[in-house]
Amino acid sequence: MANRTNTVLITAAVAAALGIGIGATVGRGVLPSAQAVLNSGSQTNTAQNTVATSTTPSTSASTASLPSSATTSTGDATQPLRAEGTKLVSEANTISIIKQYEPGLVYITTESPANPDAFGQMGGGQSGVGSGFFVDDSGDILTNYHVVTEGGQVQGATIKVRVQNQKVPVEAEIIGLAPQYDLALIRPKNMPKALIKPIPLGDSSALEVGQKTVAMGAPFGFDFSVSEGIVSSVDRQIPIGFNSGGEGITQNAIQTDAAINPGNSGGPLLDSTGRVIGINTQIISPAGAQSGVGQSAGIGFAIPINTAKNLLERLKAAGGGLVLAPAIGVRPGLLAFQTTANGRVGIPVDLSAVPSQLRQQYNLPPSGFLIGEVSAGTPAAKAGLRGGQLRSVSGGQIAVGGDVIVSADGNPVSSIGDLQAAYIGKKAGDSVKLEVESGGKTRSVEVTLDQSSFTTLPPN
């Protein structure tokens, strides 16, 4: 099988809007060209001039004084700085992390079936590589959605996994898919129990900029590779996952300067205690925008592990189906008609697309998400949100008399994607604070997610 690692570049327009330059996914991308395509609060040990012999994966590695025979003599540059076999604390920490937890790293290959061409000949199927890691003793492997799908399709694709020092891969099956989060859970069918080595999961909410990161994966197909860096940012917002239109949904991500490249997708990002704090998913690649192949520029992104932890039980219970992002029960109230292959359909648009005269006529704000309908019994209905009455206007429909959501958890809202971004990482019982405008008046509304907010669809 010829391995292929595709990337999907963040377009210049999207990048400009985000203010983050040009980027790419770091596994096999499945987005259309129009879309963009780490637990602890422990502190990184910065005693770079200290040696250590400990192999415990923590920041409290033991230290030792430099033997007199290992110190340099004045004016003599030929003597070693320290005794042979001793290591810096940071080196010992990294080595111990790799030795203890790299066995939990998984190399993933996928291959879609060959399709006959116009002359009845069988064309070569597509293949790709990515990474993942064990999360439990049952052998469940967490990875990216785009690693295990071909063009968003999963039917007929063969997924194989291999662990370190294992020469023959074994086939794996899909347990659950969460495309909106770019996450997937797979399980090997015949993996020897002794080879299943779960990596402990951390707490991404406790991260601080400057903490050490260790990225594991298969950059450009070079399996079981490791790189090291720091947390560069803890609240970077970028498009992650895929909605029904193939576009990314803006979510919080961890930024790191650890080298991440295509093939690292789905691999773990660890802290100095060896706990997983993120799942590597995207990179910024100015060179990739020109060549079509993303390459590390020292700006990589990982999905916070807490997002995955919130989804894990739902993924395990999905039976191979889709785990969807939570919904609060509102539908858009501003639609523009477009003619498609399926006929004339209404496409949700932002209020900023409405002429100012029409907005003034209906007393609507310059921007926001206009609610067209609120479903009964949903969190939105329980919080008192109101929909409007749809009226036909030139080229579309507009809801009159409904609420307009202008911000969610302090962030501006102009689309259903913006609204969803506010609660996509939340779980049942969590709340989102909305600023709502109606009839020229503004009020605050708190919407609490419940079990009805979460849906799982069976496999196709």
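Owing to the predicted nature of the structure, the values given are computational and were not obtained by experimental measurement. (Residues numbered from 1 in each chain as written. Predicted model: local features only at pLDDT ≥ 70, side-chain atom pairs only at ≥ 80, totals over all residues. Heavy atoms only, no water.)

When helices and strands are tallied, the protein chain shows 8 helices and 28 strands. Each of the 460 residues in the protein chain was classed as buried or not, and the buried ones make up 48%. Just so you have it, the protein chain exposes about 20500 Å², and 49% of that area is on carbon and sulfur atoms. (Helix = DSSP H or I, 4+ residues; strand = E, 2+ residues; numbered from the N terminus. Buried < 20%, exposed > 50% of the residue type's maximum accessible area, 1.4 Å probe, protein only. Areas by Shrake-Rupley, 256 points an atom, 1.4 Å probe, with all protein chains shown as cover.)

The subject of this paragraph is the pairing of strand 24 (residues 404–408). Consecutive side chains along a regular strand alternate between the two faces of the sheet. With respect to burial, strand 24 is a largely interior element, 5 of its 5 residues being buried. Pairing of strand 21 (residues 369–374) with strand 24 involves 2 bridges; the strand directions are antiparallel. Among the inter-strand pairings, phenylalanine 369 is bridged to a residue of strand 24, identified as isoleucine 405. Pairing geometry for strand 24 and strand 26 (residues 431–438), over 4 bridges, is antiparallel. Across the sheet, the residue bridging to isoleucine 405 is valine 436, located in strand 26. Judged from the 2 bridges that link them, strand 24 and strand 25 (residues 411–412) form a sheet pairing that is antiparallel. Along strand 25, the bridge assignment pairs serine 407 with proline 412. Hairpin connection, strand 24 to strand 25: the antiparallel pair is bridged by 2 residues, and aspartate 409 has positive phi, about 50°. (Pairing = 2+ DSSP bridges.)

Before going further, it helps to examine the nonpolar core. Counting residues in hydrophobic clusters, the biggest one holds 37 residues, and the most contacted among them are Phe133, Leu142, Leu183, Leu270 and Ile279. It is helix 5 (residues 305–316) that contributes the most residues to this core, 5 residues altogether. In this structure, leucine 270 is in contact with Ile97, Tyr101, Ile199, Lys212, Thr213, Val214, Met216, Arg275, Val276 and Ile277, ignoring residues within four places of it in sequence. (Core = buried A, V, L, I, M, F, W, Y, C linked by side-chain atoms within 4.5 Å. Contact = heavy atoms within 4.5 Å.)

Turning to the sheet that holds strand 20 (residues 343–348), a few remarks are in order. What the 4 strands build is an open sheet, ordered 20-19-23-22; its pairing is antiparallel. Unpaired on one side and paired on the other, strand 20 and strand 22 (389–393) mark the two borders of the sheet. Averaged over all neighbouring strand pairs, the angle between strand axes comes to 30°, with direction disregarded. Relative to strand 23 (residues 396–400), strand 22 runs antiparallel, the two being bridged by 5 bridges. If you follow glutamine 389 over to strand 23, its bridge partner there is valine 400. (Axes fitted to C-alpha atoms, helices over the stretch in contact; angles between N-to-C directions.)

Attention now goes to the packing of aromatic side chains. In this structure the tally under the stated criterion is 1 aromatic pair. Ring plane angle 50° and centroid distance 5.6 Å describe the contact between tyrosine 145 and phenylalanine 242, whose orientation is recorded as tilted. Of the two residues, tyrosine 145 sits in helix 3 (residues 145–148) while phenylalanine 242 sits in the loop between strand 12 (225–240) and strand 13 (249–256), which places them 97 residues apart along the sequence. For the residue pair tyrosine 145 and phenylalanine 242, the accessibility class agrees, reading buried in each case. (Phe/Tyr/Trp six-rings, centres within 6.5 Å; stacked < 30°, edge-to-face > 60°.)

Another aspect to go through is the environment of asparagine 144. For asparagine 144, the position within the fold is in the loop between strand 7 (141–143) and helix 3. If we skip the residues at most four places from it in the chain, asparagine 144 touches Asp182, Leu183, Ala184, Ser265, Gly266, Ile279, Asn280, Thr281 and Ile303. Side-chain polar atoms of asparagine 144 contact the backbone oxygen of aspartate 182, separated by 2.9 Å. A polar side-chain atom of asparagine 144 sits 2.9 Å from the main-chain amide nitrogen of glycine 266. (Polar contact = N/O pair within 3.5 Å; in protein donor to acceptor, adjacent residues only side chain to side chain.)

Spanning 13 residues, helix 2 (residues 89–101) covers 18 Å between terminal C-alpha atoms, matching the ideal 18 Å at 1.5 Å per step. Listed as buried for helix 2 are Val89, Ser90, Ala92, Asn93, Thr94, Ser96, Ile97 and Tyr101. (Expected span 1.5 Å × (residues − 1).)

What follows concerns the side chain of threonine 256. Within the secondary structure, threonine 256 sits in strand 13. Threonine 256 gets classed as buried once you look at its relative accessible area, which sits at 0%. Looking at threonine 256, its side chain comes within polar contact range of the main-chain nitrogen of alanine 258, at 3.1 Å.

For the structure on display, the rule yields 10 salt bridges. A salt bridge links aspartate 223 to arginine 162, with the shortest nitrogen-to-oxygen separation between them at 2.7 Å. Here the residue aspartate 223 occupies a position in the loop between strand 11 (212–217) and strand 12, and arginine 162 occupies one in strand 8 (residues 158–163), the gap between them amounting to 61 residues. Exposure remark for arginine 162: the relative accessible area of 17% places this residue in the buried category. We note a salt bridge from aspartate 403 to arginine 386, for which the minimum N-O separation is 3.3 Å. Of this pair, aspartate 403 sits in the loop between strand 23 and strand 24 while arginine 386 sits in the loop between helix 7 (379–382) and strand 22; the two residues are 17 residues apart in sequence, bridging distant segments of the chain. Judged by its relative accessible area of 0%, aspartate 403 falls in the buried class. Within this structure, Arg386, Asp403 and Arg443 form a network of salt bridges that share partners. (Salt bridge = Lys/Arg side-chain N within 4 Å of Asp/Glu carboxyl O.)

Pairing analysis gives 3 bridges linking strand 19 (residues 334–340) to strand 23, with the strands arranged antiparallel. The residue of strand 23 that forms the bridge with leucine 334 is isoleucine 398. In this structure, the hairpin formed by strand 19 and strand 20 is closed by a connection of 2 residues.

With 12 residues, helix 5 ought to run about 16 Å at 1.5 Å a step, and its terminal C-alpha atoms sit 16 Å apart, in line with that. All buried positions along helix 5 are accounted for by Ile305, Thr307, Ala308, Leu311, Leu312, Arg314 and Leu315.

Let's shift gears to the confidence of the model for the protein chain. A residue-level look at the protein chain finds 75% of positions with pLDDT of 70 or above and a mean pLDDT of 79. In this model residues 1–24 is a low-confidence stretch, pLDDT under 50, and it forms 85 contacts with partners more than four residues away in sequence or in other chains. Low pLDDT, under 50, characterises residues 58–73; the predicted model gives this stretch 34 contacts beyond four residues in sequence or across chains. (pLDDT = per-residue confidence, 0-100.)

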